[in-house]
Amino acid sequence: MKNLSLKICLVIAALFGGVGGVVASDLPRCPSSGYFDKCFGIWTFEDGDKYVGEWKDDKYHGQGTFTYSTGGKYIGEFKNGDFNGKGTYNSSDGSKYVGDWKDDKKHGQGTYAYASGSKYVGEFKDDLYNGQGTYTYPNGENYVGKWRDHNYHGQGTYTFVSGSIYVGERKDGKKHGQGTFAYADGEKYVGEWKDDNYHGQGTLTYADGNVEEGVWKEGEFVGE
């Protein structure tokens, strides 16, 4: 968030019901100048950014709305000047996040709906997908499973629009470890993976019933 002490601002202190998406507060209105504490008021920056809401110790604290001059808007809880608690952020491009925040970052449970049509529902940490979550793509494909730093990481299931399904382990976004890939045409591989390739011990059953079982290396069968 902006450092108020470094900005030349216009303060308009008033109590409004429903201004900027904020429900009228029970707190008294802030003074026209000076120290804002346990009050409700508006702070408008010279660049057009605006905060409407509750204050404590001269910082945004409680329920409020922060509107950016570029078009983004946050509506929700603040603590010590930062987005903290439950809140909704609408981006200028039409994307929307609804969920938990900590220290100005998406952190906890939330839903991020992208303007492109993609959607992530699950856990966040420091603004990144971390933990259990589901990502659905505009074409209907989806991944349900573990994430680390915005990548598929751990146990998960990826369903392709073709009907193929991968169930197994991932590392840094790639199939890695034990996993099963069932292809839409009836072919199926069960075994070890490395960097998105069959690698290690595994069994590939072809659609015609033929089987290759043994050791694989970088996607190629090398023998029993």
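Residues numbered from 1 in each chain as written. Predicted model: local features only at pLDDT ≥ 70, side-chain atom pairs only at ≥ 80, totals over all residues. Heavy atoms only, no water.

Turning our eyes to something else, we now look at the overall build of the protein chain. A count of helices and strands for the protein chain gives zero helices and 18 strands. Counting the 224 residues in the protein chain, one finds 36% classified as buried. When contacts within the protein chain are restricted to residue pairs at least 6 apart in sequence, long-range pairs at least 24 apart make up 11% of them. Carbon and sulfur atoms make up 48% of the accessible area of the protein chain, which amounts to about 11900 Å² in all. (Helix = DSSP H or I, 4+ residues; strand = E, 2+ residues; numbered from the N terminus. Buried < 20%, exposed > 50% of the residue type's maximum accessible area, 1.4 Å probe, protein only. Contact = heavy atoms within 4.5 Å. Areas by Shrake-Rupley, 256 points an atom, 1.4 Å probe, with all protein chains shown as cover.)

To continue, consider the pairing of strand β12 (residues 151-159). Pairing of strand β11 (residues 142-148) with β12 involves six bridges; the strand directions are antiparallel. Residue pairing for β12: Trp 147 is matched across the bridge by Tyr 152. Counted between consecutive antiparallel strands, the loop separating β11 from β12 contains two residues, among which Asp 149 sits at a positive phi close to 50°. (Pairing = 2+ DSSP bridges.)

With that settled, the discussion passes to the pattern of salt bridges. In total, this model carries four salt bridges according to the counting rule given. Between Lys 106 and Asp 127 there is a salt bridge whose closest N-O contact spans 3.2 Å. Of this pair, Lys 106 sits in strand β8 (residues 105-113) while Asp 127 sits in the loop between β9 (119-125) and β10 (128-136); the two residues are 21 residues apart in sequence, bridging distant segments of the chain. Take Asp 127: its relative accessible area is 28%, and that puts it in the partly exposed class. A salt bridge links Arg 148 to Asp 172, with the nearest nitrogen and oxygen atoms 3.4 Å apart. Within this pair, whereas Arg 148 is found in strand β11, its partner Asp 172 is found in the loop between β13 (165-171) and β14 (174-182), the two being separated by 24 residues in sequence. (Salt bridge = Lys/Arg side-chain N within 4 Å of Asp/Glu carboxyl O.)

This paragraph deals with the nonpolar core. Nonpolar side chains tend to gather and get buried jointly when the protein is soluble and globular. The biggest cluster of nonpolar side chains holds 23 residues, and the ones touching the most others in it are Trp 55, Tyr 60, Phe 66, Phe 78 and Trp 147. It is strand β2 (residues 39-45) that contributes the most residues to this core, three residues altogether. Grouped together as the second largest cluster of nonpolar side chains are seven residues, Tyr 166, Tyr 189, Tyr 198 and Leu 204 included. (Core = buried A, V, L, I, M, F, W, Y, C linked by side-chain atoms within 4.5 Å.)

Let's shift gears to a positive patch on the surface. Taken together, Lys 38, Lys 56, Lys 79, Lys 102 and Lys 125 make up a surface patch of like positive charges. On the secondary structure map, Lys 38 appears in the loop between β1 (9-12) and β2. Overall, Lys 38 belongs to the exposed group, its relative accessible area being 53%. (Patch = residues over 30% accessible without salt bridge, like charges linked within 9 Å, V, L, I, M, F, W, Y side chains within 5 Å. Lys, Arg positive; Asp, Glu negative; His and termini not counted. Charge placed at Lys NZ, Arg CZ, Asp CG, Glu CD.)

Overall, the predicted model of the protein chain reaches an average pLDDT of 91, with 89% of residues at or above 70. Below pLDDT 50 for its whole length, residues 5-22 participates in 46 contacts with residues either more than four positions away or in separate chains. (pLDDT = per-residue confidence, 0-100.)

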